[in-house]
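# Summary of structural features
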Amino acid sequence: MSMLQQGETPTVSDALPLDEEGAVEQQTRANRRFRVPGWLGILWENRKSRVGLVMLAIFLIVAVFAPLFSPHDPRSNDFAPNLDPGSGHLLGTTTKGEDIFSQLVYGARTSLIVGVVGGLLATAIALVIGLTAGYLGGTVNEVLTFFINLALVVPILPLIALLSAYAPGQGLWVVILIIGLTGWASGARLKKAQILTLRSRDYITAAVFAGEGLWQVIFREIMPNMISLVVVGFMGSAMGAIGAEAGLAFLGFGNPETISWGTMSYWANNQGALVTGQWAWLLAPGLALSFLIMALTLVNFGVDALGNPQLREE
Amino acid sequence: MSLLAVDQLDVTYLTRKRPPVQAVRGVSLTIGPGEFVGLVGESGSGKSTLGNATIRLLSRPGEITGGTVSFNGQDITALGEDRLRPMRWRDISTVFQSSMNSLNPVMPIEAQFRDAIQAHSRASNGQVRKRVAELLTMVDIDPSFMRFYPHELSGGMKQRVALALALALEPKFVLLDEPTTGLDVVVQRAILERLRVIQREQEFAVLLISHDLGSVLEFSDRVLVMYAGEIVEEQAAADMLRHPRHPYSRGLLGSYASPTAKTIAITYIPGRPPDLSKPHQGCLFAPRCVDAIPLCRMKAPELLPLGDGLVACHVAKMRAEAGQLPEQQGRSWRTQAAGAVFTKHTVAKDPTGAEDILRFEGVSKLYTRRRGFKTTLVQAVDDVSFVLSKGHVTALVGQSGSGKSTIAKLVTGIERPDSGEISFGDLRVDRLGRRGLRDFRKHIQMVFQDPYSALNPAHTVLSTLMRPLINHKGMSRGQAQSRALELLETVGLTPPERFGQRHPHQLSGGQRQRIVIARALAPEPAIIIADEPISSLDVSIRAEILELLDGLVREQGIAMLYITHDLLSARLLADDIIVLNEGKVVEAGRAEDVIANPQHAYTQLLLRSIPNPFVEETAAD
Ligand SMILES: Nc1ncnc2c1ncn2[C@@H]1O[C@H](COP(=O)(O)OP(=O)(O)OP(=O)(O)O)[C@@H](O)[C@H]1O
Ligand code: SF4
Ligand SMILES: [Mg+2]
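Residues numbered from 1 in each chain as written. Chains lettered and ligands numbered in written order. Predicted model: local features only at pLDDT ≥ 70, side-chain atom pairs only at ≥ 80, totals over all residues. Heavy atoms only, no water.

### Quick notes on the side chain of E592 of chain B
Relative to the helices and strands, E592 of chain B resides in helix α22 (residues 591–596). A distance of 2.7 Å separates polar atoms of two side chains, one belonging to E592 of chain B and the other to R590 of chain B. (Helix = DSSP H or I, 4+ residues; strand = E, 2+ residues; numbered from the N terminus. Polar contact = N/O pair within 3.5 Å; in protein donor to acceptor, adjacent residues only side chain to side chain.)

The following block contains the structure:
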């Protein structure tokens, strides 16, 4: 893990295996063979985030192979309604006669899609705005910073609710789009701050003298040193997107036909699961959501190490 | 009785990721009351670790893993923090290189002293103010500054305040860890001189840590030389200067010379310190030692009394036993010295023969600085003229803030002058547009001060070197790669294939600086601007980089602007010297003339400020 050896106290860093040519070569070769991204390695170091990563991997597997894990079609309502857990249906059935467990499994798919796509979208916007503001500086920076600050103070959830109420169409993708478009501000601010520090490095001036153009400087010289920050930003945005989708669906702003943990809770609530005593229906989607959020939070514990400027630069 | 006694001290850094590093191994030393002791060594030799361990300031993952430290007769090796706290500041205090930045930015100077003084005594506010005035006067700062906030003071003033703060409670022992490193030469000298006077008056003991053997020798009573976690030599400063016995001490001393001499030879120590996380056999210095004999690789030398000091070296011991006293060798150790030698003779070159590359004529630059509601004008460059010519080095010498970097920016076209002309052949650099500038950079390249920030940690050496070749020379990737390997060889990094695959963190400071130089050479520029290229390197390798630059400039006919505040290196490298003060040229001429016969008071001041342990000697010559 190359990044750990950088910039520590001189007393320690000079004791690197520099003379031992072989050691360095071996290390370089090993890096090439496995290609474990540096940030993943650092996260894995931390015990909490290792637990989080494992949990996340389980969710991912369930989501990808949902058809294998779910015993029934989540939309089929051929079963007897209001069955209790057990009885051939692990978590019982809904008032319409759908298998709750199958819905839960497919719900993971929805949540992860929302997280990944919404997170990517927000991260991409944050990156473009942060990079532009930070690197160009001057008036461009002032204008963009104004928008960043504006986006930071606007309450997000009501805005999303408002937008999705008026948005043309009702699909999940509309919700994702809205979430992505509203959740970039804090990420953009962080990235701008880091670029401001990276920009003053001599290697940026050196790149300009080496004949690099604006985009080459940004993508070749600056971006590789920001991977950690981008990963962190993505985690945050994904978490926000997942939560926002579930919240919207629960409040009835989503598309009620989508199968997600939010819509499941919405229907459970709507159909009086509380009254009929169908605890599994009521609790399962909420619990699943909490576990997913917990997984991401745990992963973020290891992010402290990534956030350390000495480790951040790979 | 000694004030501070360290016995067989071991300090280990225990990290989870890497094998433990034994940063200090079996070190014993004593410091008497009122004694001024210096500790020198290359970066990474364990100086700060040892210093911090002696006052129990080690931070994790560093740990004392053996031996004892006692202060004033009391064993403090395992003393709890609650028992140490009352001793700190009152008995033991410190100043670090970064101390000036650790002043509280939201508190005026006086309040910071008040907190410290009142935490340990019951002085009234009036008494405190009187004491602060006294302390500030002591470090040559006008007492009226006590109402100022730290950011309103210059770096040198802040460091003086940090020193006054450390001395506020009249401690018995002060640890100074690189207290003036990074400051201007003139300021460095002023602070150290003042410190020595105060120390004599108040009779506190000092351990001065520095990588700069020159200034340590000048100010200390006794000097300890550290290498790879061990003390390898200990002598009174005067003896060390006259006859250093350990080859490593000789190597360090070899990097000093009097700039006024006719022929200057400075040495460097090739190679680098060993990896302290690996087991070793024999003398740790052996791989770099010119005197090494087979015994050295088998048996580690012990630190034994030799003459009036202590030395850990088989060969030095054998020589002493054979009655070969270093005194008898006279000054010859300096020429037969340890390691490689970079010699510069005073040869009268014909300055008229060289072809002019760049003309800088009557250039001025005014900056407007806004602070709060006040706007101040700074005349950064004031009517400066000079010429850079082929195969010649022109040194631009001056204190920080004298306008050196601004001139570099003007020459490279990053800034535009308010008046005057900068011409490169027929090209007017001061009128270049965006596109023109990009083309101009084929012809002008830079070598930076800090090799740690000049190389992108994300790229390998090879890909860093290939970029300018692809961009400026229009080479294909394959061509660029083979040319990059040639460049590595040119700057002395062999085998090039091996270095090409490395990332910057796998290289030492000197090797990084060689890469930076190789990158500057890539587009075959006509001009290279080197902005303090050696000042952030260890003294032991500075000569090595100077030698490389010198060779390249002469062989490839490059015009170089060498920016520095160090007159010795200017003398070594440059043909012409321009002395700059507050944006104005105060003196200019052939290097040896300017040094031998400084006309301007400011040049004389700069010359006096060079740490030169050999002043008396040269005066006697
Ligand atoms: N961009 C700027 N805006 C305002 N003032 C500036 C700017 N750049 C330089 N100055 C001022 O111009 C003067 C000369 O600065 P310059 O950086 O060129 O000095 P220097 O000799 O290179 O210093 P150092 O050795 O510390 O690098 C200083 O007083 C500095 O504060
Ligand atoms: S013991 Fe041998 S290798 Fe070590 S410094 Fe002395 S001569 Fe050199
Ligand atoms: Mg400068």
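### Re the domain arrangement of chain B
Size of an interface, as often reported, equals the accessible area lost when the parts are brought together. All names here are of chain B. Domain parsing of chain B yields domain 1 (4–101 + 169–242), domain 2 (102–168) and domain 3 (247–344). The gap between the C-alpha centroids of domain 1 and domain 2 is 24 Å. Listed per partner, the contact involves 29 residues of domain 1 and 20 residues of domain 2. Roughly 2000 Å² is buried in total at the junction of domain 1 and domain 2, and carbon and sulfur atoms are behind 63% of that figure. Remark: the boundary between domain 1 and domain 2 carries two salt bridges. (Domains from an automatic or database assignment. Contact = heavy atoms within 4.5 Å. Buried area = accessible area lost by both parts, 1.4 Å probe. Salt bridge = Lys/Arg side-chain N within 4 Å of Asp/Glu carboxyl O.)

### Details of the sheet that holds strand β3 (residues 36–40) of chain B
Across a sheet, paired strands are connected by hydrogen bonds in the backbone, their directions being either parallel or antiparallel. All names here are of chain B. In spatial order, the strands read β6-β7-β8-β3-β9-β10-β13-β12; together these eight strands make up an open sheet with mixed pairing. Each edge of the open sheet is held by one strand with a lone partner, namely β6 (92–96) and β12 (304–306). Geometrically, the sheet is characterised by an average inter-axis angle of 25° between neighbouring strands, direction not taken into account. Relative to strand β13 (residues 309–311), strand β10 (residues 230–236) runs antiparallel, the two being bridged by two bridges. Across the sheet, E233 pairs through a bridge with V311, a residue of β13. (Pairing = 2+ DSSP bridges. Axes fitted to C-alpha atoms, helices over the stretch in contact; angles between N-to-C directions.)

### Looking at the site of ligand 1
Residue and element names in this part refer to chain B. Ligand 1 sits among Y367, R369, V378, A380, Q399, S400, G401, S402, G403, K404, S405 and T406. Between S405 and ligand 1, the recorded distance is 2.7 Å, taken from a side-chain N or O atom to an oxygen atom. At a separation of 2.5 Å, an oxygen atom of ligand 1 approaches a polar side-chain atom of T406. Here ligand 1, which alone exposes 630 Å², has 66% of that area covered by the protein. (Near = heavy atom within 4 Å. Areas by Shrake-Rupley, 256 points an atom, 1.4 Å probe, with all protein chains shown as cover.)

### Here's the deal with the nonpolar core
Residues and elements named next belong to chain B. Core analysis: the biggest nonpolar cluster contains 97 residues, and I407 and I577 have the highest contact counts within it. Counting residues per element, this core draws most heavily on helix α20 (residues 539–556), which supplies eight residues. Among all residues touching I577, those that are not within four sequence positions of it are A395, V397, L567, A570, R571, E587, A588, G589, A591, V594 and I595. Among the nonpolar cores identified, the runner-up in size contains 63 residues, and M138, L208, Y256 and I269 belong to it. (Core = buried A, V, L, I, M, F, W, Y, C linked by side-chain atoms within 4.5 Å. Buried < 20%, exposed > 50% of the residue type's maximum accessible area, 1.4 Å probe, protein only.)

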